[in-house]
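Breakdown of the fold
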Amino acid sequence: MSHPWDDLFTNVHLATMAGGYGEIRDASIAVKDGRIAWIGKRGEEPYKAKRVHDGDGNWLTPGLVDCHTHIVHAGNRSDEFEARLNGATYEDIARAGGGIMSTVRATRAASPDELLRQSLPRVESLVKEGVTTIEIKSGYGLTLEDEAKMLRVARRVAEMLPVSVATTFLGAHALPPEYAGRPDEYIDAICERMLPALVKEGLADAVDAFCERIGFTNQQAERVFAAADALGLPVKLHAEQLSDQQGAQLVARYQGLSADHLEHLTLEGIAAMAAAGTVAVLLPGAYYFLRDSTPPPVAALREAGVRMAVATDCNPGTSPMTSILLAMNMACTLWRLTPQEALAGVTIHAARALGLHEQIGSLEIGKKADFALWDIARPADLSYGIGFNPCRGTVRAGKLNTF
């Protein structure tokens, strides 16, 4: 066969991220049937390809992965942002009917088409920054009908834009007003009615919960995990953001994909995560937006060998951020991740946080051909710049998308 490869991307430098980080300069990478077929030095290609793409000496990385977002929602909460800066407290806003319930009301009221219309520009911003896979959580519906609506819209996003979507059911995000004072009854509804119905329809790839004093208790989150486990779904957890609720130990006990936020993570939680292989997902946008002063224990996580992912946490209340590159910069400047750690955090470790590390997240033969092409001098530039976007295009499952 004269052309055994579909595409060859040549005259590029590769940040392979295999094993956490790796470089091949002056390289080529070949694609066959949407997967990586060969990687090596330019000029050493053993076969020809139907199409050859000259990368002009730019850098090629795995497609970026935003592994924690609440990006499908209706409305925004800029009025609350303004109110807080004018002296209102969180409690004042909540008593006036604001906070997460403001987004719940807007999301419930939006039709599926309207919800999609509002959400697509946010996702498109990430796609243009080299994101080829995104996680999208529910959690602003809090009824079976509205949670399913959010997850269906999340599936539609992947049909509209060149991005793969992993969906997460976050019914245990907040207590809906119709269950006021009855949190255990709401957990019953999640476990007995909502989860089975969503699994039957194929809408959820994973299950999450908000384990916090203002969210759900460790025991209530464990009930959700047990129900998810019985249905064959992996779990993750909003853990230790505002206080230590031993959520990291809980999610590790269920071999969870990730524990996310982690500003109040203890050494015991770190040890449990390390033993279970649970990824620490760091969310600098929320830390910045809330003006937090307790950073996650990055040095201790690093010493324990816990993999650290970085994500935008795009949401209307605490992290209205649609830039994965800014999240990388924040993780480095606020918490002293190295640029190599930040890049691993939005590629191979983020892929592992979604259970997709055998398919995406690094440039290795057999993995999906998901790439991002960058006009940069070195990979550290991706964490260095503020307010710039050097992405020249992406390849998703072998298909080229130029910007």
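Residues numbered from 1 in each chain as written. Predicted model: local features only at pLDDT ≥ 70, side-chain atom pairs only at ≥ 80, totals over all residues. Heavy atoms only, no water.

1. Here we look at the domain arrangement of the chain
So the rule is basically this: These domain boundaries are the output of an automatic or database domain assignment. Note on contacts: a residue pair qualifies if any of its non-hydrogen atoms lie within 4.5 Å across the two residues. Buried area is understood as the total, over both parts, of accessible area removed when two parts are fitted together, assessed with a 1.4 Å probe. Within this document, salt bridges are pairs made up of a side-chain nitrogen of Lys or Arg and a carboxyl oxygen of Asp or Glu, the two lying within 4 Å of each other.
The domain architecture assigned to the chain consists of domain 1 (5-62 + 362-402) and domain 2 (64-354). For domain 1 and domain 2, the distance between their C-alpha centroids amounts to 30 Å. Listed per partner, the contact involves 27 residues of domain 1 and 23 residues of domain 2. In terms of surface lost to domain 2, no three residues of domain 1 exceed M17, S383 and R396, which account for 31% of the buried area on that side. At the junction of domain 1 and domain 2, the tally comes to zero salt bridges.

2. Quick word on the UniProt feature "binding site: Zn(2+)" (unreviewed entry) in the chain
As a reminder, the rule being used: UniProt positions are given in the numbering used here, feature names are shortened, and annotations may be inferred rather than shown by experiment. The cut-offs for exposure are 20% and 50% of the maximum accessible area for each residue type, with area from a 1.4 Å probe on protein chains only; residues under the lower value are buried, those over the upper are exposed, and the others partly exposed. Polar contacts, as used here, are pairs of N or O atoms within 3.5 Å; protein pairs need one atom able to donate a hydrogen and one able to accept it. Residues neighboring in sequence count only if both atoms are side-chain atoms.
The UniProt record marks H68, H70, H238 and D313 with the feature "binding site: Zn(2+)" (unreviewed entry), using the residue numbering of this structure. A maximum C-alpha distance of 12.3 Å among these annotated residues, which run over 246 residues, shows that they cluster at one spot. A relative accessible area of 4% places H238 in the buried class. When neighbours within four sequence positions are excluded, H238 is seen to be in contact with H68, H70, K137, L170, D208, A209, F210, C211, D260 and H261. Separated by 3.0 Å, the side chains of H238 and D208 make a polar contact.

3. Some thoughts on the sheet that holds strand β7 (residues 131-137)
Cut-off, in case you're wondering: If DSSP finds at least two bridges between two strands, the strands pair. Helix numbering and strand numbering both begin at the N terminus, where a helix is a DSSP run of H or I of at least 4 residues and a strand a DSSP run of E of at least 2. Lines are fitted to the C-alpha atoms to define the axes, a helix being fitted only along its stretch in contact, and any angle between axes, read from their N-to-C directions, falls within 0 to 180 degrees.
Sheet architecture is open: four strands sit in the order β6-β7-β8-β9, paired in parallel fashion. Among the strands making up the open sheet, the edge pair consists of β6 (64-66) and β9 (206-209). The sheet shows a mean angle of 25° between the axes of neighbouring strands, taken without regard to direction. Bridge count for β7 against strand β8 (residues 164-172) is five bridges, and the pairing is parallel. Bridge pairing in β8 places E135 opposite A166.

4. Describing the UniProt feature "binding site: N-formimidoyl-L-glutamate" (unreviewed entry) in the chain
In the numbering used here, UniProt assigns the feature "binding site: N-formimidoyl-L-glutamate" (unreviewed entry) to Y140, N315 and G317. Look at the named residues: they lie 178 residues apart in sequence, but the longest C-alpha span between them is just 11.5 Å, so in the fold they bunch up. Not counting residues up to four positions away in its chain, the partners in contact with N315 are H70, H73, Y140 and P320. The buried category is assigned to G317, whose relative accessible area is 9%. When residues no more than four places from it in sequence are discounted, the contact partners of G317 are R77, R84 and F289.

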